[in-house]
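Listed below are the residues making up each chain.
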Amino acid sequence: MSLRLTRLTLSRFRSHPRTEVAFDGRPVVLFGANGAGKTNLLEAVSLLSPGRGLRRASGDELGAQPAGLGWKIEGEIGRDGTAHEIETGAAPGQPRQVRIDGKAAPQSGLGRLVPMLWLTPAMDRLWIEAAEGRRRFLDRLVLGFVPDHAEVALAYEKAMRQRNRLLRDGVTDPRWYGALEARMAEAGGAMRDNRRAALARLAGAVDTDSPFPQPELTLADDSPEDLASALAEGRRRDMAAGRSLIGPHRADLSAIWAARGWPAAQCSTGEQKALLISTVLAHARALHAEVGHAPLLLLDEVAAHLDDARRAALYDAICALGAQAFLTGTGPELFTPLGARAQVFRVTEDQGNSRLHEEELA
């Protein structure tokens, strides 16, 4: 069983006015100068999954300049021997559309078809910045195991937004709140259960022989079991705050370097990144054990701050899992240990337009 992106076509997407590329299933290396368009290509791949992609950009930010023409991404996914066509894009000022195998589909359909996980330089400070980023990271982990998690989270957020609007408007009639709080409780309970189950799966996929520090991941979620009653009882307090103060939207993910008992937030920047990489690899192992293939991995500039041993260990782990990973870096020397195991492209920029040139690692 396998999961592969075999073809990608970008039309008017950021610095790629027209890029067509075929992938042969090996890990993909993209190297080139800063600003050449490497991350733009990774972002395009990330939009073959639900959500706003690895940069969380709005649709209007994704089109190539001059603006006003819209953008489109087409991909072919091979999953367990079956090819699937994906098309996503947006006309100017319009919401993003998705088509799978020629038929209009919700974004959640992408989650069922293409489990995907990414690391970007902006995530290097994940363990020490706001909890919102850690929740997004956790929910991306959950999606690999429970593709419907995105729909559950969306249902919760929609009901919460409606409740928050009532709170800000000073509405006190309980009849306006009951159905919304019931929906929040149902979806919120599912979110909490999904998150806990995903962390249990990750804990069972620890590689004690890895040179990467192994994390102990903990979910801090003080949502009561009877969330509907708690929300009803807290309306006056929530009205004063203008928002809902309890629920899974307040949860947080924490990590401890298991061998040393150090909270991730107190580790060095390099070790914090290593803990993230270890988490991603554990997720890939757990998903591979459960469904027979690892997720697509998008690793932007991941090798730049790793020593030689960890760099080689990362590449070996990716290849051992049979994962298709997309890795970016400024120079080919960062990827030498991959050798012939990788498909390699030099990315160049000419007058604002990106180009790909297939090469071999020395």
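Thresholds applied
Position numbers for residues count from 1 along each chain, tracking the sequence in the order it is written. Totals for whole chains, interfaces and linings use every residue, but because this is a predicted model, local features are given only for residues with pLDDT of at least 70 and side-chain atom pairs only at 80 or more, for both listing and counting. Heavy atoms from the whole structure form the basis of all side-chain values; hydrogens and water molecules are not counted. In short, DSSP must find at least two bridges between two strands for them to pair. Strands here mean DSSP runs of E at least two residues long; helices mean DSSP runs of H or I at least four residues long; both are numbered from the N terminus. Only residues whose relative accessible area exceeds 30% and that form no salt bridge are eligible for patches; like-charged ones are grouped when within 9 Å, while nonpolar side chains (Val, Leu, Ile, Met, Phe, Trp, Tyr) are grouped when within 5 Å. Computed by Shrake-Rupley with a 1.4 Å probe, the accessible areas treat only the displayed protein chains as cover when residues are assessed. A side-chain nitrogen of Lys or Arg and a carboxyl oxygen of Asp or Glu constitute a salt bridge if their distance falls within 4 Å. Charged residues are defined narrowly, with Lys and Arg counted positive, Asp and Glu counted negative, and His plus the chain ends left uncounted. In plain terms, the charge of a residue is placed at NZ if it is Lys, CZ if Arg, CG if Asp and CD if Glu. The cut-offs for exposure are 20% and 50% of the maximum accessible area for each residue type, with area from a 1.4 Å probe on protein chains only; residues under the lower value are buried, those over the upper are exposed, and the others partly exposed. By convention here, the domain bounds are inherited from an automatic or database domain assignment. Whether two residues are in contact is decided by their heavy atoms: any pair within 4.5 Å suffices. Stacked, tilted and edge-to-face pairs are distinguished by plane angle, under 30 degrees for stacked and over 60 for edge-to-face with tilted covering the rest, among Phe, Tyr and Trp rings (Trp via its six-membered ring) whose centres lie within 6.5 Å. Any residue with an atom within 4 Å of a point lines the site, the site being either a cavity, points on a 1 Å grid over the protein atoms alone where a 1.4 Å probe fits but cannot get out, or a pocket, an open set with protein on both sides within 12 Å along at least 5 of 7 lines. Grid points are joined across faces, edges and corners, and a volume is the space filled by probe spheres set on the points. For this classification, Asp, Glu, Lys and Arg are treated as charged, while Ala, Val, Leu, Ile, Met, Phe, Trp, Tyr, Cys and Pro are nonpolar and the rest, including Gly, are polar.

We now examine the sheet that holds strand β5 (residues 82-90). Pairing is antiparallel in the open sheet, where six strands are placed in the order β2-β1-β4-β5-β6-β7. Edge strands, defined here as strands with exactly one partner in the open sheet, are β2 (16-22) and β7 (103-104). Here β5 pairs with strand β6 (residues 97-100) via four bridges, running antiparallel. By the bridge assignment, G89 is partnered in β6 with Q97.

Together, K158, R161, R165, R168 and R183 line one region of the surface with positive charge. The element that contributes the greatest number of residues to the positive patch is helix α4 (residues 149-168), accounting for four residues. Along the polypeptide, R165 turns up in helix α4.

With that settled, consider the pairing of strand β3 (residues 28-31). Burial of β3 is two-sided: the residues V28 and L30 facing one way and the residues V29 and F31 facing the other way are all buried. By the bridge criterion, four bridges tie β3 to strand β13 (residues 325-329) in an arrangement that is parallel. Note on β13: the bridge partner recorded for V28 is F326. Of the pairings in the sheet, the one linking β3 to strand β14 (residues 343-350) comprises four bridges and is parallel in character. Opposite L30, over in β14, you have F345 as the bridge partner.

Let us look at the pattern of salt bridges. On inspection of all chains with the given rule, the structure shows 24 salt bridges. Among the salt bridges present, the one from R55 reaches E43, with a minimum N-O distance of 2.7 Å. With R55 in the loop between α1 (38-46) and β4 (71-79) and E43 in helix α1, this pair connects stretches of sequence that are twelve residues apart. We classify E43 as buried; its relative accessible area is 0%. We note a salt bridge from R134 to D252, for which the minimum N-O separation is 2.8 Å. Remark: D252 occurs in strand β10 (residues 252-257) and R134 occurs in helix α3 (residues 131-145); sequence separation between them is 118 residues. Judged by relative accessible area, D252 falls into the partly exposed class, the value being 24%. One continuous salt-bridge network, built from bridges that share partners, spans R163, E181, R235, R237 and D238.

To continue, consider the domain arrangement of the protein chain. By domain assignment, the protein chain separates into domain 1 (1-115 + 296-361) and domain 2 (122-294). In this assembly, 24 residues from domain 1 lie in contact with 23 residues from domain 2. Inspection of the domain 1/domain 2 interface yields three salt bridges. Residue R310 is joined to E271 by a salt bridge in which the shortest nitrogen-to-oxygen separation is 3.2 Å.

Below, the discussion takes up the packing of aromatic side chains. Two measures describe an aromatic ring pair: the distance that separates the ring centres and the angle between the ring planes. Counted according to the given criterion, the structure contains five aromatic pairs. Ring geometry for W257 and W262: centres 5.5 Å apart, planes at 90°, overall edge-to-face. Each ring, one from Y315 and one from F335, has its centre 6.1 Å from the other, and the planes form 35°; the classification is tilted. In this pair, Y315 is assigned in helix α9 (residues 308-321) and F335 in the loop between β13 and β14, connecting sequence segments 20 residues apart.

A separate point is empty space enclosed by the protein. Considering all chains together, one arrives at three cavities of 30 Å³ or more under this definition. The calculated volume of the largest cavity comes to roughly 70 Å³. Around the largest cavity, the lining residues are P50, G111, V114, P115, M116, R140, L143, G144, H283 and P295. Considered class by class, the residues forming the lining of the largest cavity number six nonpolar, three polar and one charged. Of the domains in this structure, domain 1 (1-115 + 296-361) and domain 2 (122-294) are the two that each give at least three residues to the lining of the largest cavity. Roughly 40 Å³ of volume is contained in the second largest cavity. The wall of the second largest cavity is formed by L119, T120, M123, D124, K273, L276, D300 and V302.

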